[in-house]
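Structural description and commentary
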Amino acid sequence: MAATTVRAAAPAVSSSEGYSAQLAVVGGGPAGVCAAIAAARNGADVLLLEQGGCLGGMATQGLVNPFMTCYDKTGETMIIRGLFEEVVDRLVACGGAIHPRECRAGTAFTSWIKIGHDHCTPFEPEALKLVLDEMCREAGVRVLFHAAFAEPLMDGGRITGLRILTKAGLETVRAKLVIDATGDADVAARAGVPCELGDKAAGRIQPASMFFRIGNVEYAKVEADIQANLNNFYRKDGVNYRSLHWRVTEAREHGDWPLKRVSIGLFRGVREDQWAINTSRIMGVDGTNPKSLSDAEAEGRRQVQIIFNFFRKYVPGCKDAVLLSTASTLGIRETRHIFGEYRLTTDDVLHGSVPKDSILLASNSVDIHGRFGPLSNQYVTVQNGNWYGVPYRCLLPKGVENLLVAGRSVSATSEAAGAIRVMPPCMAMGQAAGTAAALALRGNSLPREVDSAELVSTLKRQKAFLG
Ligand SMILES: Cc1cc2nc3c(=O)[nH]c(=O)nc-3n(C[C@H](O)[C@H](O)[C@H](O)COP(=O)(O)OP(=O)(O)OC[C@H]3O[C@@H](n4cnc5c(N)ncnc54)[C@H](O)[C@@H]3O)c2cc1C
């Protein structure tokens, strides 16, 4: 990463009465940061509450990498733009990312996966932390780190305040509007919005994974091993096998692979000697249950150790690899999905439906890990057209009037959420939620009263791609 001028994020000013803002955004992940920046740029006074010590959520604390595709199905047009593109451009400018136009499917940047993985964006998590701090500071977003949302204060179907836990104890935030970007719909669920945990009918929830990063990898040797085995790399039915399953078989034969996974997800980073590893798999974790989450964190680290040892012993070019870091928080793919004014379905995604109030277009495939048991992965891509739309109504929860939800927990079935949960769409949802909140505040109205045509035209003016 090249040297960059860094200024601190704007301080969150406290008083003995607590905090107040026009808009409180809860959760500083990809969705929440974009929501806060978009709202502030559109004139709102914004307080962003984050339980951790940095912005970026899964992208930084979870070490999730790369940003999944932001292009249409043909791979010709970049369709997730706006704040996402601005973040990418700033990262590229400081050497903290490689532009997605250069990262094609079937290469080391995508773990050689082809379906749904064209034009990913590898980035440095440390650079992302700095870029997001800087963008919040420039927009005038007040950021309060180490502030965990605890419970809403309610007056009927309206949130009047938030109780948060900080190092100062339990404190109160007063806000006219709230955006829930916790990924888990913590605010919505506790405010009484109906939610579904995972896929209730199927009795299934996507598995969790502990990401880690390794360094000192000899890229050419890894690539040569993959190329030498390309003849048995892809499954006959077109679904991708992941990389290095031949090395996993070898390790298993020697008693060095006690895990169920049969292959490795390894993604080349900005530097060719540094890789993000997405391979550990913990089934049945409930990310809203502290005990389940705690057990899974430790299990994730145990699996990382096994996988890292495997790399050093069995993977060409990794004999001298070093463990750079494990994620400081477990990767949770799925918890609650809210029920909102509209529920996105798999049919909408696969049939390329684009409702009038679409606030983003995406082509990400339905990506369900473990759908057929612990070994499986499946990517199903949009079939009619090159993209589908996510309507504004998916961000409007049932039952609570001054709340918007953005990111992984918006109103979608478990399968449809499997497509839009990746980081570029989450950032676009955040931008839309923040913009809608600012419009509502400006008009002294509620989010559901915002004119979706005005929202769409504002997003377009602010560089979102909407066809
Ligand atoms: C293992 C794994 C692999 C993935 N692979 C990819 C990939 O390759 N590419 C891709 O683009 N996407 C990938 N994803 C998906 C993507 O990382 C997430 O779905 C996305 O980050 C969701 O964004 P978000 O802002 O909704 O939530 P998050 O990123 O989870 O951010 C939520 C933020 O809210 C904070 N928070 C939560 N609860 C509270 C609270 N009560 N009070 C205050 N703060 C709170 C959290 O600390 C966090 O910062 C992967 C996810 C996982 C788990």
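A quick note: this is a predicted structure, and the numbers were derived from the prediction, not measured. (Residues numbered from 1 in each chain as written. Predicted model: local features only at pLDDT ≥ 70, side-chain atom pairs only at ≥ 80, totals over all residues.)

Description of the site of the ligand
Surrounding the ligand, one finds 36 residues, the nearest of these being Gly27, Gly29, Gly57, Gly331 and Gly407. For the shell around the ligand, the secondary-structure elements that each account for two or more residues are helix H1 (30-41), strand E5 (148-155) and helix H10 (423-442). Per element, the largest residue contribution to the shell around the ligand is three residues, and it comes from H1. Classifying every residue of the shell around the ligand by side-chain character gives 17 nonpolar, 13 polar and six charged. (Near = placed C-beta within 6 Å. Helix = DSSP H or I, 4+ residues; strand = E, 2+ residues; numbered from the N terminus. Nonpolar A, V, L, I, M, F, W, Y, C, P; charged D, E, K, R; others polar.)

Notes on the pairing of strand E17 (residues 388-391)
Residues Tyr388 and Val390 of E17 are buried on one face, and the alternating residues Gly389 and Pro391, pointing to the opposite face, are buried as well. By the bridge criterion, four bridges tie strand E14 (residues 358-362) to E17 in an arrangement that is antiparallel. By the bridge assignment, Leu361 is partnered in E17 with Gly389. (Buried ≥ 20, exposed ≤ 12 C-beta atoms within 10 Å, placed from the backbone. Pairing = 2+ DSSP bridges.)

Describing the domain arrangement of the protein chain
How big an interface is tends to be expressed through the accessible area that disappears when the partners come together. Each assigned domain of the protein chain is listed here: domain 1 (15-65 + 124-203 + 335-461) and domain 2 (212-326). Look at where the C-alpha atoms of domain 1 and domain 2 centre, and you get two points 30 Å apart. (Domains from an automatic or database assignment.)

Remarks on the sheet that holds strand E12 (residues 322-326)
Reading across the sheet, the four strands line up as E10-E11-E9-E12 and stay open at both edges, with antiparallel pairing between neighbours. Looking at strand neighbours, the two that pair on one side only are strand E10 (266-268) and E12, the edges of this open sheet. Geometrically, the sheet is characterised by an average inter-axis angle of 25° between neighbouring strands, direction not taken into account. As paired elements, E10 and strand E11 (residues 275-277) share three bridges and run antiparallel to each other. The residue bridging Phe267 from the neighbouring strand is Ala276, located in E11. Sheet strands in contact with helix H7 (residues 290-314) are strand E9 (212-215), E11 and E12, and its direction is about 25° off that of E9. (Axes fitted to C-alpha atoms, helices over the stretch in contact; angles between N-to-C directions. Contact = placed C-beta atoms within 7 Å.)

Notes on the pairing of strand E7 (residues 169-180)
Note that strand E2 (residues 19-26) and E7 share seven bridges and pair parallel. From the neighbouring strand, Ser20 faces E7, where its bridge partner is Arg174. Two strands pair when backbone bridges link them, and strand E6 (residues 158-166) and E7 are joined in this way by six bridges, in the antiparallel orientation. Bridging from a neighbouring strand, Leu162 pairs with Val173 of E7. Two elements, E7 and strand E18 (residues 403-405), share three bridges in a ladder whose sense is parallel. Pairing of Ile179 across the sheet is with Leu404, part of E18.

Notes on the confidence of the model for the protein chain
Mean pLDDT over the protein chain: 93, with 93% of residues reaching 70 or higher. Low pLDDT, under 50, characterises residues 1-8; the predicted model gives this stretch 16 contacts beyond four residues in sequence or across chains. (pLDDT = per-residue confidence, 0-100.)

A closer look at H10
An ideal rise of 1.5 Å per residue puts 28 Å on 20 residues; H10 measures up with 28 Å between its terminal C-alpha atoms. Positive backbone phi, at 50°, marks Asn444, one or two positions downstream of H10. (Expected span 1.5 Å × (residues − 1).)

Regarding the nonpolar core
Leu23 and Ala437 are the most contacted members of the largest nonpolar core, which has 150 residues in total. Among the elements that make up this core, the one with the highest residue count is H10 (13 residues). When neighbours within four sequence positions are excluded, Leu23 is seen to be in contact with Ala39, Ala44, Asp45, Val46, Ala175, Leu177, Ile179, Ala437 and Leu441. (Core = buried A, V, L, I, M, F, W, Y, C linked by C-beta atoms within 7 Å.)

Looking at the packing of H10 against helix H11 (residues 452-461)
The relative placement of two packed helices is expressed as an angle between their axes plus a distance between the axes. Taken N-terminus to C-terminus, the directions of H10 and H11 make an angle of 120°; their axes are 10 Å apart at the nearest point. In terms of their interaxial angle, H10 and H11 are classed as oblique. Here the hand of the crossing between H10 and H11 comes out right-handed. Between H10 and H11, the contacting residues are Gln431, Ala432, Thr435, Ala436 and Leu439 on the first element and Glu454, Leu455, Thr458 and Leu459 on the second. The residue makeup of the contact of H10 with H11, split by class, is five nonpolar, three polar and one charged. (Parallel < 35°, antiparallel > 145°, perpendicular 65-115°, else oblique. Left-handed = near helix turned anticlockwise from the far one by under 90°.)

Points about the packing of H1 against helix H3 (residues 125-139)
In the contact formed by H1 and H3, the axes pass within 9 Å of each other and the chain directions differ by 25°. Relative to H3, the element H1 lies roughly parallel. Seen along the crossing, H1 lies across H3 with a hand that is left-handed. Residues Val33, Ala36, Ile37, Ala40 and Arg41 of H1 form the contact with H3, whose own contacting residues are Leu132, Met135, Cys136 and Ala139. Taken together, the residues of the contact of H1 with H3 sort by class into eight nonpolar, no polar and one charged.

Considerations on the environment of Lys356
Relative to the helices and strands, Lys356 resides in the loop between helix H8 (346-350) and E14. Lys356 gets classed as exposed once you count the C-beta atoms within 10 Å, which come to 10. C-alpha of Lys356 to C-alpha of Val456: the two residues are 100 residues apart in sequence and 8.9 Å apart in space.

Some points on the environment of Asp347
Locating Asp347 in the fold gives a position in helix H8. Using a count of 12 C-beta atoms within 10 Å as the deciding quantity, one classes Asp347 as exposed. For the pair Asp347 and Val366, spaced 19 residues apart in the sequence, the C-alpha separation amounts to 11 Å.

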